[in-house]
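# Breakdown of the fold
Spelled out, the chains give:
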Amino acid sequence: EKPVIEVIMEKFAEYGMTEFYISVNHKAKMIKAFFEEFVSIYDITYIEEETPLGTIGALKLIQEKVKSPFFVSNCDIIIEEDYRKIFDYHKQGQHLLTIVGSMQHHTIPYGVCKIKDGGELVGLEEKPKYDILVNTGMYVIEQKALHEIPAGVKFDITDLINNLKSKGEKIGVY
């Protein structure tokens, strides 16, 4: 009954977080119009992207405004977890960036053939189950990490994570 972004903001507000930066490009007028009509306890600042800057590129535009670690969330996911625990994990681990992960359980609905070179069957596993830790699209990021984002170009969170890892920085997964 509500837009997902409103549900996400309510989840953060449960933990006293009411200051939001919302990156807008596609449908920016519609998003702004919704929040203009929305009686809110939130302090909303829009990050205006002239051209799409990827999943994290717009954060370069607030680099000087952010002074402490902060959450980043895609607006198509709702995380049911204690956000204090996520933040505490990030700080205690002294991570520059923390990825919030989720265990996904997948069953292949077929028998899986294991073969060797030449196509000879080695084994057959009926409907195997796999547990995979996936990236949910929520992160805790230290302000210092924003210096690694190039200005004015498309840059995704995976680019930032890979750059930080290549420099030996500590990345956590909660």
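Look above for the structure.
Residues numbered from 1 in each chain as written. Predicted model: local features only at pLDDT ≥ 70, side-chain atom pairs only at ≥ 80, totals over all residues. Heavy atoms only, no water.

## Things to note about the pattern of salt bridges
- If you walk through the whole model with that rule in mind, you get 10 salt bridges.
- E142 is the salt-bridge partner of K91, the closest N and O atoms lying 3.5 Å from each other. Note that K91 is positioned in helix α3 (residues 83–92) and E142 in the loop between β7 (129–141) and α4 (157–166), a separation of 51 residues in sequence.
- Two residues, K167 and E148, come together in a salt bridge whose shortest N-O distance is 2.6 Å. Taken together, the residues span a long stretch of sequence, with K167 in the loop between α4 and β8 (171–173) and E148 in the loop between β7 and α4 at a distance of 19 residues.
- With relative accessibility at 26%, the residue E148 sits in the partly exposed group. (Salt bridge = Lys/Arg side-chain N within 4 Å of Asp/Glu carboxyl O. Helix = DSSP H or I, 4+ residues; strand = E, 2+ residues; numbered from the N terminus. Buried < 20%, exposed > 50% of the residue type's maximum accessible area, 1.4 Å probe, protein only.)

## Let's talk about the pairing of strand β4 (residues 97–107)
- Sheet topology places β4 next to β7; 11 bridges connect them, and they run antiparallel. Considered in β7, the bridge of L97 is made with I141.
- Here 3 bridges tie β4 to β8, and the two strands are oriented parallel to one another. Directly across from T98, in β8, lies its bridge partner G172. (Pairing = 2+ DSSP bridges.)

## Some thoughts on the sheet that holds β7
- Taken in spatial order, the 4 strands make up an open sheet running β3-β7-β4-β8, and their pairing is mixed. The two strands at the open ends of the sheet, each matched to only one other strand, are β3 (70–73) and β8. Taken pair by pair, the neighbouring strands of this sheet meet at an average axis angle of 40 degrees, ignoring direction.
- Sheet strands in contact with α4 are β4, β7 and β8, and its direction is about 115 degrees off that of β4. (Axes fitted to C-alpha atoms, helices over the stretch in contact; angles between N-to-C directions. Contact = heavy atoms within 4.5 Å.)

## Brief notes about the packing of aromatic side chains
- If you walk through the whole model with that rule in mind, you get 9 aromatic pairs.
- Measuring from ring centre to ring centre gives 5.3 Å for F20 and Y42, while their planes differ by 90 degrees; the resulting arrangement is edge-to-face. With a gap of 22 residues between them, F20 in strand β1 (residues 19–24) and Y42 in the loop between α2 (28–37) and β2 (43–48) connect regions that are remote in the sequence. Accessibility assignment for this pair places F20 and Y42 in one class, buried.
- Clustering of aromatic rings is evident, with ring pairs tying together F12, Y15, F20, Y42, F71, Y83 and F87.
- Across from the ring centre of Y46, 5.4 Å away, lies the NZ or CZ of K32, which sits over that ring. (Phe/Tyr/Trp six-rings, centres within 6.5 Å; stacked < 30°, edge-to-face > 60°. Lys NZ or Arg CZ within 6 Å of the ring centre and 35° of its normal.)

## Quick word on the nonpolar core
- Judged by nonpolar contacts, the single largest core of 23 residues is most densely connected at I56, L59, L97, Y139, I141, I157 and L160.
- Breaking this core down by element, the ones donating at least two residues are β3, β4, β7 and α4.
- Among the elements that take part in this core, α4 stands out by supplying 4 residues, more than any other.
- The residues touching I157, leaving out its near neighbours within four places in the chain, are T55, I56, L97, Y139 and I141.
- Judged by nonpolar contacts, the second largest core, of 18 residues, contains M9, A28, V100 and V140. (Core = buried A, V, L, I, M, F, W, Y, C linked by side-chain atoms within 4.5 Å.)

## Describing the environment of Y130
- Note that Y130 resides in strand β7.
- Judged by relative accessible area, Y130 falls into the partly exposed class, the value being 37%.
- Linking Y130 and H105, residues 25 residues apart in sequence, is a C-alpha distance of 5.9 Å.
- If near-sequence neighbours (up to four positions away) are discounted, Y130 is found in contact with Q104, H105, H106, I108 and E125.

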